[in-house]
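Structural overview for review
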Amino acid sequence: MTEDKLPPPFLGPLMPCYNRHDIAFERGEGVQLFDTSGRRYLDFAAGIAVNALGHAHPHLVAALQGQAAKLWHTSNMYHIPAQERLAERLVDHSFADGVFFTNSGVEAMECAIKLARRYHYATGNPGRYEVIAFHGAFHGRSLATIAAAGKEKLVEGFGPMLTGFDQVPFFDLEAARAAITDQTAAILVEPVQGEGGIVPVQPQQLKDLRALCDQHGVLLILDEIQCGMGRTGRLFAHEWAGIEPDIVASAKGIGSGFPLGACLAKAHVACHLGVGTHGSTYGGNPLAMAVGNAVMDVMLAPGFMDDVCDRADYLRAGLVRLKANYGHILRDVRGLGLMLGLEFDRPARPLITQLMQDGLLVAQSGENVIRLLPPLIITRADIDEALATLTRLLDGLLPTEETS
Ligand SMILES: *Cc1c(COP(=O)(O)O)cnc(C)c1O
(Lines give C-alpha, C1' and ligand atoms only; values in the text may rest on other atoms or scores of the structure.)
Protein backbone atom coordinates (compact mmCIF):
# COMPACT_ATOMS: atom_id res chain seq x y z
CA MET A 1 0.00 0.00 0.00
CA THR A 2 1.30 3.42 -0.91
CA GLU A 3 0.68 6.38 1.36
CA ASP A 4 -1.61 8.35 -0.94
CA LYS A 5 -4.16 5.54 -1.10
CA LEU A 6 -7.03 5.28 1.37
CA PRO A 7 -6.82 2.23 3.62
CA PRO A 8 -9.21 -0.57 2.62
CA PRO A 9 -12.52 -0.56 4.51
CA PHE A 10 -12.42 -2.86 7.53
CA LEU A 11 -15.63 -4.73 8.18
CA GLY A 12 -14.31 -6.91 11.02
CA PRO A 13 -14.46 -8.46 13.50
CA LEU A 14 -12.02 -10.94 11.91
CA MET A 15 -8.94 -9.72 10.12
CA PRO A 16 -9.54 -10.29 6.43
CA CYS A 17 -6.60 -12.59 5.60
CA TYR A 18 -8.62 -15.61 4.43
CA ASN A 19 -10.58 -16.06 1.20
CA ARG A 20 -13.26 -18.29 2.70
CA HIS A 21 -15.86 -20.31 0.82
CA ASP A 22 -19.41 -19.30 1.71
CA ILE A 23 -20.17 -22.30 3.87
CA ALA A 24 -19.84 -23.46 7.48
CA PHE A 25 -19.94 -26.94 8.92
CA GLU A 26 -21.65 -28.21 12.04
CA ARG A 27 -20.47 -31.77 12.44
CA GLY A 28 -18.45 -34.50 10.81
CA GLU A 29 -18.41 -38.26 10.71
CA GLY A 30 -15.57 -40.14 9.05
CA VAL A 31 -15.11 -38.75 5.53
CA GLN A 32 -18.38 -36.83 5.70
CA LEU A 33 -19.09 -33.27 6.78
CA PHE A 34 -22.52 -31.73 7.39
CA ASP A 35 -23.12 -28.02 6.91
CA THR A 36 -25.29 -25.82 9.12
CA SER A 37 -28.35 -26.67 7.01
CA GLY A 38 -27.70 -30.41 7.42
CA ARG A 39 -26.44 -31.01 3.88
CA ARG A 40 -23.85 -33.78 3.50
CA TYR A 41 -20.44 -33.38 1.84
CA LEU A 42 -17.64 -35.78 1.06
CA ASP A 43 -14.49 -34.27 2.51
CA PHE A 44 -11.48 -34.72 0.21
CA ALA A 45 -9.72 -31.68 1.70
CA ALA A 46 -9.57 -32.95 5.30
CA GLY A 47 -8.84 -29.50 6.71
CA ILE A 48 -5.78 -29.29 4.40
CA ALA A 49 -4.40 -32.77 5.10
CA VAL A 50 -5.05 -32.44 8.83
CA ASN A 51 -7.96 -34.81 9.53
CA ALA A 52 -5.93 -37.88 8.64
CA LEU A 53 -8.36 -40.17 10.45
CA GLY A 54 -11.47 -38.31 9.33
CA HIS A 55 -13.92 -36.52 11.56
CA ALA A 56 -15.03 -37.60 15.04
CA HIS A 57 -13.02 -40.83 14.95
CA PRO A 58 -14.40 -42.77 17.97
CA HIS A 59 -10.96 -43.73 19.30
CA LEU A 60 -9.72 -40.12 19.12
CA VAL A 61 -12.91 -38.72 20.62
CA ALA A 62 -12.67 -41.16 23.53
CA ALA A 63 -9.00 -40.29 24.10
CA LEU A 64 -9.68 -36.55 24.10
CA GLN A 65 -12.78 -36.78 26.29
CA GLY A 66 -11.07 -39.11 28.74
CA GLN A 67 -8.08 -36.80 29.07
CA ALA A 68 -10.28 -33.67 29.22
CA ALA A 69 -11.92 -34.95 32.38
CA LYS A 70 -8.55 -35.68 34.02
CA LEU A 71 -5.89 -33.10 33.20
CA TRP A 72 -5.44 -30.52 30.45
CA HIS A 73 -2.16 -28.80 31.07
CA THR A 74 0.74 -28.81 33.47
CA SER A 75 3.58 -27.20 31.40
CA ASN A 76 6.99 -28.62 30.63
CA MET A 77 8.20 -27.76 34.13
CA TYR A 78 7.12 -31.31 34.96
CA HIS A 79 7.32 -34.73 33.38
CA ILE A 80 4.48 -35.54 30.99
CA PRO A 81 4.44 -39.36 30.68
CA ALA A 82 2.25 -39.37 27.56
CA GLN A 83 4.76 -37.02 25.89
CA GLU A 84 7.60 -39.44 26.57
CA ARG A 85 5.45 -42.29 25.28
CA LEU A 86 4.54 -40.53 22.02
CA ALA A 87 8.15 -39.47 21.45
CA GLU A 88 9.29 -43.04 22.02
CA ARG A 89 6.75 -44.37 19.53
CA LEU A 90 7.78 -41.81 16.89
CA VAL A 91 11.44 -42.67 17.46
CA ASP A 92 10.75 -46.42 17.31
CA HIS A 93 9.03 -46.05 13.92
CA SER A 94 11.21 -43.46 12.20
CA PHE A 95 14.76 -42.29 11.44
CA ALA A 96 14.66 -40.07 14.53
CA ASP A 97 16.26 -40.36 17.95
CA GLY A 98 14.66 -37.32 19.56
CA VAL A 99 11.43 -35.31 19.41
CA PHE A 100 10.36 -31.78 20.40
CA PHE A 101 6.60 -31.16 20.45
CA THR A 102 4.94 -27.99 19.19
CA ASN A 103 1.39 -26.79 18.54
CA SER A 104 1.69 -26.21 14.82
CA GLY A 105 3.69 -26.84 11.71
CA VAL A 106 5.43 -23.50 11.65
CA GLU A 107 6.72 -24.01 15.18
CA ALA A 108 8.10 -27.40 14.17
CA MET A 109 9.88 -25.65 11.27
CA GLU A 110 11.23 -22.94 13.57
CA CYS A 111 12.63 -25.63 15.82
CA ALA A 112 14.17 -27.38 12.79
CA ILE A 113 15.91 -24.20 11.60
CA LYS A 114 17.10 -23.24 15.10
CA LEU A 115 18.35 -26.78 15.61
CA ALA A 116 20.37 -26.70 12.36
CA ARG A 117 22.01 -23.42 13.37
CA ARG A 118 22.61 -24.61 16.92
CA TYR A 119 24.18 -27.86 15.71
CA HIS A 120 26.84 -26.04 13.70
CA TYR A 121 27.38 -23.51 16.50
CA ALA A 122 27.89 -26.31 19.00
CA THR A 123 30.21 -28.28 16.74
CA GLY A 124 32.59 -25.39 16.18
CA ASN A 125 31.15 -23.86 13.00
CA PRO A 126 29.16 -20.82 14.19
CA GLY A 127 29.55 -19.30 10.72
CA ARG A 128 27.36 -22.00 9.23
CA TYR A 129 23.87 -20.59 9.59
CA GLU A 130 22.43 -20.42 6.09
CA VAL A 131 19.56 -22.64 4.96
CA ILE A 132 19.03 -23.38 1.27
CA ALA A 133 15.40 -23.97 0.26
CA PHE A 134 13.62 -24.45 -3.06
CA HIS A 135 11.40 -22.23 -5.21
CA GLY A 136 7.71 -23.03 -4.80
CA ALA A 137 8.25 -24.18 -1.21
CA PHE A 138 5.97 -23.42 1.69
CA HIS A 139 7.24 -23.77 5.23
CA GLY A 140 4.80 -21.64 7.22
CA ARG A 141 4.08 -18.00 7.99
CA SER A 142 6.63 -17.01 10.64
CA LEU A 143 9.33 -14.47 9.79
CA ALA A 144 11.93 -17.25 9.52
CA THR A 145 9.84 -19.57 7.38
CA ILE A 146 8.67 -16.89 4.94
CA ALA A 147 12.31 -15.88 4.55
CA ALA A 148 13.16 -19.53 3.95
CA ALA A 149 10.57 -19.93 1.18
CA GLY A 150 11.38 -16.46 -0.11
CA LYS A 151 8.29 -16.23 -2.30
CA GLU A 152 7.21 -12.69 -3.14
CA LYS A 153 3.58 -13.31 -2.14
CA LEU A 154 4.70 -14.47 1.32
CA VAL A 155 7.28 -11.80 2.08
CA GLU A 156 5.79 -8.65 0.48
CA GLY A 157 5.45 -5.90 3.05
CA PHE A 158 6.99 -7.90 5.88
CA GLY A 159 10.59 -6.80 5.50
CA PRO A 160 13.30 -6.52 6.47
CA MET A 161 13.65 -10.23 5.93
CA LEU A 162 15.54 -12.44 8.33
CA THR A 163 18.92 -13.18 6.75
CA GLY A 164 20.49 -16.59 6.29
CA PHE A 165 18.26 -18.09 3.62
CA ASP A 166 18.77 -18.81 -0.04
CA GLN A 167 16.54 -20.43 -2.66
CA VAL A 168 17.28 -22.50 -5.75
CA PRO A 169 14.91 -23.82 -8.47
CA PHE A 170 12.86 -26.93 -7.59
CA PHE A 171 14.21 -29.60 -7.94
CA ASP A 172 17.62 -28.61 -9.25
CA LEU A 173 20.35 -30.55 -7.47
CA GLU A 174 23.12 -28.82 -9.42
CA ALA A 175 21.79 -25.42 -8.38
CA ALA A 176 21.73 -26.63 -4.77
CA ARG A 177 25.34 -27.83 -5.11
CA ALA A 178 26.38 -24.48 -6.54
CA ALA A 179 24.61 -22.60 -3.74
CA ILE A 180 26.50 -24.39 -0.96
CA THR A 181 29.14 -22.20 0.70
CA ASP A 182 31.10 -22.41 3.94
CA GLN A 183 28.11 -20.67 5.54
CA THR A 184 25.61 -23.37 4.61
CA ALA A 185 24.01 -25.07 7.61
CA ALA A 186 21.27 -27.08 5.96
CA ILE A 187 19.23 -27.81 2.87
CA LEU A 188 15.48 -27.77 3.41
CA VAL A 189 12.90 -29.42 1.17
CA GLU A 190 9.37 -30.83 1.19
CA PRO A 191 9.52 -34.43 -0.14
CA VAL A 192 6.24 -33.56 -1.85
CA GLN A 193 5.66 -29.84 -2.38
CA GLY A 194 2.19 -29.10 -1.05
CA GLU A 195 1.28 -25.46 -1.62
CA GLY A 196 3.63 -25.46 -4.62
CA GLY A 197 1.30 -27.65 -6.71
CA ILE A 198 1.73 -31.21 -5.34
CA VAL A 199 5.12 -31.97 -6.83
CA PRO A 200 7.02 -34.98 -5.47
CA VAL A 201 10.79 -35.09 -5.28
CA GLN A 202 11.77 -38.37 -6.96
CA PRO A 203 13.36 -41.03 -4.69
CA GLN A 204 16.66 -40.88 -6.59
CA GLN A 205 16.69 -37.09 -6.27
CA LEU A 206 16.28 -37.35 -2.50
CA LYS A 207 19.11 -39.91 -2.40
CA ASP A 208 21.33 -37.55 -4.40
CA LEU A 209 20.41 -34.67 -2.10
CA ARG A 210 21.33 -36.77 0.94
CA ALA A 211 24.70 -37.58 -0.64
CA LEU A 212 25.29 -33.91 -1.47
CA CYS A 213 24.58 -32.91 2.13
CA ASP A 214 26.94 -35.59 3.44
CA GLN A 215 29.68 -34.46 1.08
CA HIS A 216 29.58 -30.93 2.45
CA GLY A 217 28.76 -31.49 6.13
CA VAL A 218 25.36 -29.90 5.56
CA LEU A 219 22.23 -31.07 7.43
CA LEU A 220 19.19 -32.29 5.53
CA ILE A 221 15.91 -30.89 6.86
CA LEU A 222 12.67 -32.28 5.48
CA ASP A 223 9.37 -30.45 5.85
CA GLU A 224 6.93 -33.36 6.15
CA ILE A 225 4.21 -31.26 7.74
CA GLN A 226 1.82 -32.07 4.89
CA CYS A 227 3.27 -35.20 3.28
CA GLY A 228 4.18 -37.05 6.49
CA MET A 229 2.16 -39.10 8.98
CA GLY A 230 0.82 -41.69 6.57
CA ARG A 231 -0.26 -39.31 3.81
CA THR A 232 1.87 -41.08 1.20
CA GLY A 233 1.32 -44.60 2.55
CA ARG A 234 4.38 -44.54 4.80
CA LEU A 235 4.69 -42.88 8.19
CA PHE A 236 7.10 -40.41 6.54
CA ALA A 237 7.34 -39.71 2.82
CA HIS A 238 11.15 -39.90 2.73
CA GLU A 239 10.92 -43.62 3.57
CA TRP A 240 10.05 -44.21 -0.10
CA ALA A 241 13.56 -43.02 -0.97
CA GLY A 242 15.23 -45.17 1.68
CA ILE A 243 17.15 -42.21 3.10
CA GLU A 244 17.53 -40.78 6.59
CA PRO A 245 17.27 -37.02 7.03
CA ASP A 246 18.84 -35.21 10.00
CA ILE A 247 15.74 -33.22 10.94
CA VAL A 248 12.05 -33.52 10.05
CA ALA A 249 9.22 -31.09 10.78
CA SER A 250 5.86 -32.78 11.25
CA ALA A 251 2.34 -31.50 12.02
CA LYS A 252 -1.11 -31.65 10.38
CA GLY A 253 -1.96 -35.40 10.38
CA ILE A 254 0.02 -36.04 13.57
CA GLY A 255 -2.85 -34.60 15.63
CA SER A 256 -5.57 -35.38 13.08
CA GLY A 257 -7.34 -32.14 14.00
CA PHE A 258 -5.91 -31.41 17.43
CA PRO A 259 -3.24 -28.68 17.12
CA LEU A 260 0.01 -30.64 17.32
CA GLY A 261 3.38 -30.56 15.65
CA ALA A 262 6.76 -32.15 16.20
CA CYS A 263 10.37 -31.61 15.29
CA LEU A 264 12.22 -34.92 14.96
CA ALA A 265 15.99 -35.29 14.74
CA LYS A 266 18.89 -37.71 14.78
CA ALA A 267 20.84 -37.92 18.07
CA HIS A 268 23.88 -35.97 16.79
CA VAL A 269 21.61 -32.99 16.22
CA ALA A 270 18.99 -33.48 18.95
CA CYS A 271 21.64 -33.51 21.69
CA HIS A 272 22.37 -29.82 21.12
CA LEU A 273 18.93 -28.57 22.18
CA GLY A 274 20.08 -28.32 25.78
CA VAL A 275 18.23 -26.96 28.79
CA GLY A 276 17.16 -23.37 28.19
CA THR A 277 17.93 -23.31 24.46
CA HIS A 278 14.34 -23.77 23.31
CA GLY A 279 10.86 -24.37 24.68
CA SER A 280 7.12 -24.06 24.39
CA THR A 281 4.45 -23.44 27.00
CA TYR A 282 1.76 -25.58 25.41
CA GLY A 283 3.91 -27.91 23.30
CA GLY A 284 3.22 -31.55 24.11
CA ASN A 285 0.60 -30.88 26.77
CA PRO A 286 -1.53 -33.76 28.11
CA LEU A 287 -4.54 -33.02 25.88
CA ALA A 288 -2.43 -32.99 22.72
CA MET A 289 -0.49 -36.06 23.78
CA ALA A 290 -3.67 -38.04 24.49
CA VAL A 291 -4.80 -37.39 20.93
CA GLY A 292 -1.33 -37.87 19.43
CA ASN A 293 -1.02 -41.28 21.06
CA ALA A 294 -4.51 -42.24 19.91
CA VAL A 295 -3.57 -41.28 16.34
CA MET A 296 -0.50 -43.50 16.61
CA ASP A 297 -2.63 -46.38 17.94
CA VAL A 298 -4.54 -46.30 14.66
CA MET A 299 -1.66 -45.56 12.29
CA LEU A 300 0.65 -48.19 13.77
CA ALA A 301 -1.97 -50.95 13.65
CA PRO A 302 -0.84 -53.77 11.34
CA GLY A 303 -1.97 -53.22 7.77
CA PHE A 304 -2.94 -49.55 8.14
CA MET A 305 -0.30 -48.19 5.76
CA ASP A 306 -0.91 -51.03 3.28
CA ASP A 307 -4.57 -50.04 3.24
CA VAL A 308 -3.59 -46.41 2.58
CA CYS A 309 -1.50 -47.58 -0.39
CA ASP A 310 -4.41 -49.67 -1.74
CA ARG A 311 -6.82 -46.75 -1.48
CA ALA A 312 -4.26 -44.42 -3.05
CA ASP A 313 -3.73 -46.80 -6.00
CA TYR A 314 -7.47 -47.10 -6.51
CA LEU A 315 -8.00 -43.33 -6.43
CA ARG A 316 -5.06 -42.66 -8.69
CA ALA A 317 -6.22 -45.24 -11.25
CA GLY A 318 -9.61 -43.51 -11.39
CA LEU A 319 -7.99 -40.10 -11.83
CA VAL A 320 -5.71 -41.39 -14.58
CA ARG A 321 -8.83 -42.67 -16.38
CA LEU A 322 -10.36 -39.20 -16.05
CA LYS A 323 -7.24 -37.66 -17.54
CA ALA A 324 -7.38 -40.11 -20.45
CA ASN A 325 -10.97 -39.04 -21.18
CA TYR A 326 -10.73 -35.33 -20.42
CA GLY A 327 -7.04 -34.61 -21.15
CA HIS A 328 -7.96 -31.36 -22.91
CA ILE A 329 -9.17 -29.96 -19.56
CA LEU A 330 -7.45 -32.11 -16.96
CA ARG A 331 -3.82 -31.60 -17.91
CA ASP A 332 -1.99 -33.60 -15.27
CA VAL A 333 -2.53 -36.02 -12.39
CA ARG A 334 0.40 -36.20 -9.97
CA GLY A 335 1.41 -36.74 -6.39
CA LEU A 336 2.17 -39.56 -4.00
CA GLY A 337 -0.23 -41.72 -1.99
CA LEU A 338 -3.28 -39.77 -0.86
CA MET A 339 -1.65 -36.42 -1.67
CA LEU A 340 -2.76 -35.88 -5.25
CA GLY A 341 -2.86 -32.88 -7.55
CA LEU A 342 -5.10 -32.33 -10.56
CA GLU A 343 -3.80 -29.66 -12.89
CA PHE A 344 -6.46 -28.00 -15.00
CA ASP A 345 -6.29 -25.80 -18.08
CA ARG A 346 -7.95 -23.00 -16.10
CA PRO A 347 -8.11 -21.44 -12.62
CA ALA A 348 -9.08 -23.99 -9.99
CA ARG A 349 -11.08 -21.76 -7.64
CA PRO A 350 -14.37 -21.73 -9.64
CA LEU A 351 -14.07 -25.49 -10.14
CA ILE A 352 -13.67 -25.99 -6.40
CA THR A 353 -16.83 -23.96 -5.80
CA GLN A 354 -18.69 -26.08 -8.35
CA LEU A 355 -17.51 -29.31 -6.74
CA MET A 356 -18.56 -27.99 -3.34
CA GLN A 357 -22.04 -27.24 -4.69
CA ASP A 358 -22.12 -30.84 -5.89
CA GLY A 359 -21.13 -32.18 -2.47
CA LEU A 360 -17.37 -32.71 -2.81
CA LEU A 361 -14.83 -30.68 -0.83
CA VAL A 362 -11.32 -30.30 -2.25
CA ALA A 363 -8.45 -27.86 -1.71
CA GLN A 364 -6.47 -25.62 -4.03
CA SER A 365 -2.72 -25.53 -4.68
CA GLY A 366 -1.30 -22.83 -6.87
CA GLU A 367 -3.49 -21.22 -9.55
CA ASN A 368 -4.68 -24.20 -11.61
CA VAL A 369 -4.27 -27.19 -9.32
CA ILE A 370 -6.90 -28.96 -7.25
CA ARG A 371 -5.52 -30.87 -4.29
CA LEU A 372 -7.08 -34.12 -3.13
CA LEU A 373 -6.11 -34.81 0.48
CA PRO A 374 -8.81 -37.18 1.73
CA PRO A 375 -8.73 -38.73 5.18
CA LEU A 376 -6.51 -41.82 5.10
CA ILE A 377 -9.55 -43.94 6.09
CA ILE A 378 -11.56 -43.41 2.89
CA THR A 379 -13.30 -46.42 1.38
CA ARG A 380 -13.58 -47.45 -2.27
CA ALA A 381 -17.20 -46.30 -2.14
CA ASP A 382 -16.02 -42.81 -1.06
CA ILE A 383 -13.53 -42.79 -3.91
CA ASP A 384 -16.18 -43.90 -6.43
CA GLU A 385 -18.43 -41.09 -5.23
CA ALA A 386 -15.66 -38.49 -5.56
CA LEU A 387 -14.75 -39.75 -9.04
CA ALA A 388 -18.40 -39.52 -10.12
CA THR A 389 -18.57 -35.93 -8.88
CA LEU A 390 -15.34 -35.04 -10.69
CA THR A 391 -16.72 -36.68 -13.85
CA ARG A 392 -19.87 -34.53 -13.65
CA LEU A 393 -17.67 -31.44 -13.33
CA LEU A 394 -15.52 -32.39 -16.32
CA ASP A 395 -18.61 -33.28 -18.42
CA GLY A 396 -19.95 -29.78 -17.87
CA LEU A 397 -16.77 -27.92 -18.80
CA LEU A 398 -16.09 -26.65 -22.30
CA PRO A 399 -12.50 -26.72 -23.52
CA THR A 400 -10.82 -23.33 -23.21
CA GLU A 401 -10.41 -21.29 -26.41
CA GLU A 402 -6.72 -21.95 -26.95
CA THR A 403 -7.20 -25.73 -26.89
CA SER A 404 -10.47 -26.05 -28.86
C1 LIG B 1 0.79 -26.39 6.55
C2 LIG B 1 2.24 -26.38 6.29
C3 LIG B 1 3.13 -25.63 7.07
C4 LIG B 1 2.67 -24.70 8.17
O5 LIG B 1 1.96 -25.38 9.17
P6 LIG B 1 1.06 -24.53 10.20
O7 LIG B 1 0.49 -25.57 11.12
O8 LIG B 1 0.03 -23.80 9.39
O9 LIG B 1 1.97 -23.59 10.89
C10 LIG B 1 4.48 -25.71 6.78
N11 LIG B 1 4.94 -26.49 5.79
C12 LIG B 1 4.12 -27.24 5.02
C13 LIG B 1 4.69 -28.10 3.94
C14 LIG B 1 2.74 -27.19 5.23
O15 LIG B 1 1.92 -27.90 4.44
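Numbers given for residues are sequential positions, taken from 1 along each chain in its written order. This being a predicted model, a pLDDT of at least 70 is required before a residue's local features are given, and a value of 80 or more before pairs of side-chain atoms are given or counted; all residues contribute to the totals for chains, interfaces and linings. Just so you know, side-chain values use all the structure's heavy atoms and leave hydrogens and water out.

1. With respect to the packing of helix α11 (residues 304-326) against helix α13 (residues 380-396)
Between the N-to-C directions of two axes lies an angle of 0 to 180 degrees, each axis being a line fitted to C-alpha atoms and, for a helix, fitted only over the stretch in contact. Only DSSP runs of H or I with at least four residues qualify as helices, and only runs of E with at least two residues qualify as strands; both kinds are numbered from the N terminus onward. Close contact between α11 and α13 brings their axes to 10 Å; oriented N to C, the two are set at 15 degrees. Classed by the angle they form, the pair α11 and α13 counts as roughly parallel. In this structure, the crossing between α11 and α13 has a hand that is right-handed. Along the contact surface, α11 presents Arg-311, Tyr-314, Leu-315, Gly-318, Leu-319, Leu-322 and Tyr-326, while α13 presents Arg-380, Ile-383, Asp-384, Leu-387, Leu-390, Thr-391, Leu-394 and Asp-395. When residue character is reported, Ala, Val, Leu, Ile, Met, Phe, Trp, Tyr, Cys and Pro are called nonpolar, Asp, Glu, Lys and Arg charged, and the others, Gly included, polar. A breakdown of the residues in the contact of α11 with α13 according to their chemical character gives nine nonpolar, two polar and four charged. Roughly parallel covers angles under 35 degrees, roughly antiparallel covers those over 145, roughly perpendicular covers 65 to 115, and oblique covers all other angles. The sense of a crossing depends on the near helix, which, turned anticlockwise from the far helix by less than a right angle, makes the crossing left-handed and, turned clockwise, makes it right-handed. In what follows, residue pairs with any heavy atoms lying within 4.5 Å of each other are defined as contacts.

2. Observations concerning the site of the ligand
If a single non-hydrogen atom of a residue is within 4 Å of a molecule or strand, that residue counts as near it. The environment of the ligand is made up of Ser-104, Gly-105, Val-106, Phe-138, His-139, Gly-140, Glu-190, Asp-223, Ile-225, Gln-226 and Lys-252. By the criterion applied in these results, polar contacts are pairs of N or O atoms within 3.5 Å in which, for protein atoms, one can donate a hydrogen and the other can accept it, and in which residues neighboring in sequence qualify only through two side-chain atoms. Contacts to the ligand include Phe-138, whose backbone N or O atom sits 3.2 Å from a nitrogen atom. Within the side chain of Asp-223, an N or O atom sits 2.7 Å from a nitrogen atom of the ligand. Protein contact buries 81% of the 380 Å² of open area that the ligand shows by itself. Split by residue class, the shell around the ligand holds three nonpolar, five polar and three charged. Residue-level accessible areas treat just the shown protein chains as cover; the underlying method is Shrake-Rupley with a 1.4 Å probe.

3. Description of the domain arrangement of the protein
Note on interface size: it is often stated as the accessible area lost on association of the parts. By domain assignment, the protein separates into domain 1 (3-56 + 303-403) and domain 2 (71-299). What fixes the domain bounds is an automatic or database domain assignment. Computed over C-alpha atoms only, the centres of domain 1 and domain 2 are separated by 26 Å. Each partner contributes residues to the interface: domain 1 has 26 residues there, and domain 2 has 26 residues. Here's the idea: put two parts together, see how much 1.4 Å probe accessible area each one loses, and the total over both is what we call buried area. Summed over both partners, the interface of domain 1 with domain 2 comes to about 2,100 Å²; 66% of that surface belongs to carbon and sulfur atoms. The largest share of the area that domain 1 buries against domain 2 comes from Met-305, Leu-336 and Met-339, three residues that together contribute 30% of it. By definition, a salt bridge exists where a carboxyl oxygen of Asp or Glu is found within 4 Å of a side-chain nitrogen of Lys or Arg. The interface formed by domain 1 and domain 2 holds one salt bridge in total. Our count for the domain 1 to domain 2 interface comes out at ten residue pairs in polar contact (both at pLDDT 80 or more). Looking at the side of domain 1 that touches domain 2, the elements with two or more residues in it are α1 (46-49), α11, β13 (330-336), β14 (339-344) and β17 (369-372). With four residues, α11 is the largest single contributor of residues to the side of domain 1 that touches domain 2. Within the side of domain 1 that touches domain 2, the residues separate by chemical class into 18 nonpolar, six polar and two charged.

4. Side note on the pattern of salt bridges
Taken as a whole and assessed by the stated rule, the structure comprises twelve salt bridges. Taking the shortest distance from any N to any O, the salt bridge between Glu-244 and Lys-266 comes out at 2.8 Å. Linking Glu-244 in the loop between β10 (219-223) and β11 (247-250) with Lys-266 in the loop between β12 (261-265) and α9 (267-270), this pair joins segments that are 22 residues apart in sequence.

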